[in-house]
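Geometric and topological summary
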Amino acid sequence: MNKTDFLKALSDPTRLKIVQLLNQKQALCVCDIISELDQPQPTISRHLNQLKQIGILESERKGTWIWYSISQELPSWGKAVIGALELN
């Protein structure tokens with residue numbers, strides 16, 4: 001994982017909030033993230049896709065919903081950065 005891409009991804013307020021939520025809750029379905037952030041589904045899905053492509057998030061389909069969590073493959077430095085983030 002490229003550190004620059006990682007930090008650029010977290011520089012977006014919506015993506016930062018998504019990562020903060022998932023760090024606290026372990027895993028959330030898209031519907032819960034939409035509800036928490038009060039943003040439209042297409043916007044949240046776009047941000048989730050970007051975080052997944054970089055390798056920050058992983059997803060799992062459960063029924064009709066996709067659940068997202070912090071990637072288990074995330075390097076230790078990435079986990080340390082995310083762990084240091086506080087939810088505003």
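Above this note sits the structure.
Treat the numbers as computed from the prediction; the structure is a model and nothing was measured. (Residues numbered from 1 in each chain as written. Predicted model: local features only at pLDDT ≥ 70, side-chain atom pairs only at ≥ 80, totals over all residues. Heavy atoms only, no water.)

**Quick look at the state of the cysteines**
Cut-off, in case you're wondering: Criterion for a disulfide: a pair of cysteine sulfur atoms within 2.5 Å.
On inspection of all chains with the given rule, the structure shows 1 disulfide. Paired through a disulfide, cysteine 29 and cysteine 31 show a sulfur-sulfur distance of 2.3 Å. Given an S-S torsion of about -60 degrees, the disulfide between cysteine 29 and cysteine 31 has left-handed geometry.

**What about the pairing of strand 3 (residues 65-70)?**
Counted only if it meets this: We treat two strands as partners when DSSP finds at least two bridges between them. Runs of H or I in DSSP of at least four residues are treated as helices and runs of E of at least two as strands, each being numbered from the N terminus.
Sheet topology note: the strand 1 (residues 27-29)/strand 3 ladder contains 3 bridges and is antiparallel. When the bridges of strand 3 are listed, alanine 27 appears paired with serine 69. Taken together, the 6 bridges between strand 2 (residues 57-62) and strand 3 define a ladder with antiparallel strand orientation. From the neighbouring strand, leucine 57 faces strand 3, where its bridge partner is isoleucine 70. The turn linking strand 2 back onto strand 3 is made up of 2 residues, and glycine 63 within it adopts a positive phi angle of 70 degrees.

**What about the nonpolar core?**
Using the following cut-off: In these notes, a set of buried Ala, Val, Leu, Ile, Met, Phe, Trp, Tyr and Cys residues joined through side-chain atoms within 4.5 Å is what counts as a nonpolar core. When accessible area is computed with a 1.4 Å probe and restricted to protein chains, residues below 20% of their type maximum are described as buried, those above 50% as exposed, and intermediate ones as partly exposed. Contacts are assigned to residue pairs with any non-hydrogen atoms lying within 4.5 Å of each other.
Formed by 20 residues in total, the largest nonpolar core has its most connected members in Ile18, Leu22, Ile33, Leu48, Ile56 and Leu57. Examining the composition of this core, we find that 4 residues originate from one element, helix 2 (residues 13-25), more than from any other. With near-sequence residues (within four places) excluded, isoleucine 56 lies in contact with Met1, Phe6, Ala9, Leu10, Val19, Leu51, Ser69, Ile70, Ser71, Leu74 and Ile82.

**Regarding the packing of helix 2 against helix 3 (residues 30-37)**
Applied cut-off: The axes are straight lines fitted to the C-alpha atoms, using for helices just the contacting stretch, and the angles between their N-to-C directions are given from 0 to 180°. Each angle is binned into one of four classes, with values under 35 degrees roughly parallel, values over 145 roughly antiparallel, values of 65 to 115 roughly perpendicular, and all other values oblique. Crossing handedness follows the turn of the near helix against the far one: under a right angle anticlockwise gives a left-handed crossing, and clockwise gives a right-handed one. The nonpolar class holds Ala, Val, Leu, Ile, Met, Phe, Trp, Tyr, Cys and Pro. Asp, Glu, Lys and Arg form the charged class, and all remaining residues, Gly among them, are polar.
Orientation of helix 2 relative to helix 3, taken along the N-to-C sense of each, is 120 degrees, at an axis distance of 11 Å. Judged by the angle between their axes, helix 2 and helix 3 are oblique. The way helix 2 lies across helix 3 gives a crossing that is right-handed. In this structure, helix 2 contributes Thr14, Lys17, Ile18, Leu21 and Leu22 to the contact, and helix 3 contributes Ile33, Glu36 and Leu37. Class assignment for the residues of the contact of helix 2 with helix 3 results in 5 nonpolar, 1 polar and 2 charged.

**Side note on the side chain of threonine 14**
Inspection of the secondary structure assignment puts threonine 14 in helix 2. The contact partners of threonine 14, leaving out residues within four places of it in the chain, are Leu37, Gln39, Ile44 and His47.

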